[in-house]
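Spelled out from the first residue to the last, the chains are:
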Amino acid sequence: MTGNDTRLKAIAALTGLRGGVGPEYISDLLGEVTPDRILVPLEADAAEIGQSVLQQLSGPVNSLINGFILAFEVVADAYDETDPEMPTEEILQALALRLAQEPD
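Structure report, in brief.

Analysis parameters
- Residues numbered from 1 in each chain as written.
- Predicted model: local features only at pLDDT ≥ 70, side-chain atom pairs only at ≥ 80, totals over all residues.
- Heavy atoms only, no water.
- 1 Å grid on protein atoms, 1.4 Å probe; cavity = no way out; pocket = protein on both sides within 12 Å on 5 of 7 lines; lining within 4 Å.
- Points joined across faces, edges and corners; volume = space filled by probe spheres on them.
- Helix = DSSP H or I, 4+ residues; strand = E, 2+ residues; numbered from the N terminus.
- Axes fitted to C-alpha atoms, helices over the stretch in contact; angles between N-to-C directions.
- Parallel < 35°, antiparallel > 145°, perpendicular 65-115°, else oblique.
- Left-handed = near helix turned anticlockwise from the far one by under 90°.
- Contact = heavy atoms within 4.5 Å.
- Nonpolar A, V, L, I, M, F, W, Y, C, P; charged D, E, K, R; others polar.
- Patch = residues over 30% accessible without salt bridge, like charges linked within 9 Å, V, L, I, M, F, W, Y side chains within 5 Å.
- Areas by Shrake-Rupley, 256 points an atom, 1.4 Å probe, with all protein chains shown as cover.
- Salt bridge = Lys/Arg side-chain N within 4 Å of Asp/Glu carboxyl O.
- Buried < 20%, exposed > 50% of the residue type's maximum accessible area, 1.4 Å probe, protein only.

**A short note on the layout of surface pockets**
To find leftover empty space, one rolls a probe the size of a water molecule over the atoms.
Move 1: Here the largest pocket defines a volume of roughly 400 Å³.
Move 2: What lines the largest pocket is simply Ile11, Leu14, Thr15, Arg18, Ala71, Phe72, Val75, Ala76, Tyr79, Thr88, Ile91 and Leu92.
Move 3: With five residues, helix α3 (residues 46–80) is the single largest residue contributor to the lining of the largest pocket.

As structure tokens, then:
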């Protein structure tokens with residue numbers, strides 16, 4: 001699966017969430033972008049296994065994140081063009097403050 005395919009899956013997942021589809025659909029959709037198998041060296045130690053897993057997952061995860069960011073930027077730009085009472089940056093700042101005050 002290409003990086004663009006993965007970004008499209010991220011956008012489809014966001015669209016599905018906003019459209020009210022079930023969580024199973026979203027899980028299945030995002031599961032399509034992760035490898036079915038992860039190969040590790042036969043005689044690898046824990047550090048080598050961790051590095052191998054990280055290398056094989058980093059591409060798909062990076063593409064998913066890029067897809068989410070791309071979708072957010074497009075929606076935020078469209079929202080800000082409506083001359084809203086509270087611009088996107090202020091909404092994000094308010095969200096960050098609220099999260100910072102909540103216990104983990």
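**Here's the deal with unusual backbone geometry**
Move 1: Backbone geometry at Asp83 places phi at a positive 55°, although glycine is not the residue there.
Move 2: Here Asp83 shows up in the loop between α3 and α4 (88–101).

**Digging into the packing of helix α1 (residues 3–19) against α3**
Move 1: Closest axis-to-axis distance for the α1/α3 pair is 7 Å, and the angle between their directions is 50°. What the angle tells us is that α1 and α3 run oblique. Between α1 and α3 the crossing geometry is right-handed. Touching Gly3, Thr6, Arg7, Ala10, Ile11 and Leu14 of α1 are Pro60, Ser63, Leu64, Asn66, Gly67, Phe68, Leu70 and Ala71, all from α3.
Move 2: Classifying every residue of the contact of α1 with α3 gives eight nonpolar, five polar and one charged.

**What about a nonpolar patch on the surface?**
Move 1: Taken together, Phe72, Leu92, Leu95 and Leu99 make up a surface patch of nonpolar side chains, about 340 Å² in accessible area.
Move 2: Residue contributions to the nonpolar patch peak at three residues, all from α4.
Move 3: The residue Phe72 is located in helix α3 in this model.
Move 4: A relative accessible area of 40% places Phe72 in the partly exposed class.

**A short note on the side chain of Thr88**
Move 1: Secondary-structure assignment places Thr88 in helix α4.
Move 2: Assessed through its relative accessible area of 8%, Thr88 is described here as buried.
Move 3: When sequence neighbours within four positions are dropped, the list of residues in contact with Thr88 reads Phe72, Ala76, Tyr79 and Asp80.

**Here we look at the packing of α3 against α4**
Move 1: Between α3 and α4, whose axes approach to 9 Å, the crossing angle comes to 120°. What the angle tells us is that α3 and α4 run oblique. On α4, the residues touching Phe72, Ala76, Tyr79 and Asp80 of α3 are Thr88, Glu89, Ile91 and Leu92.
Move 2: Its residues assigned to classes, the contact of α3 with α4 shows five nonpolar, one polar and two charged.

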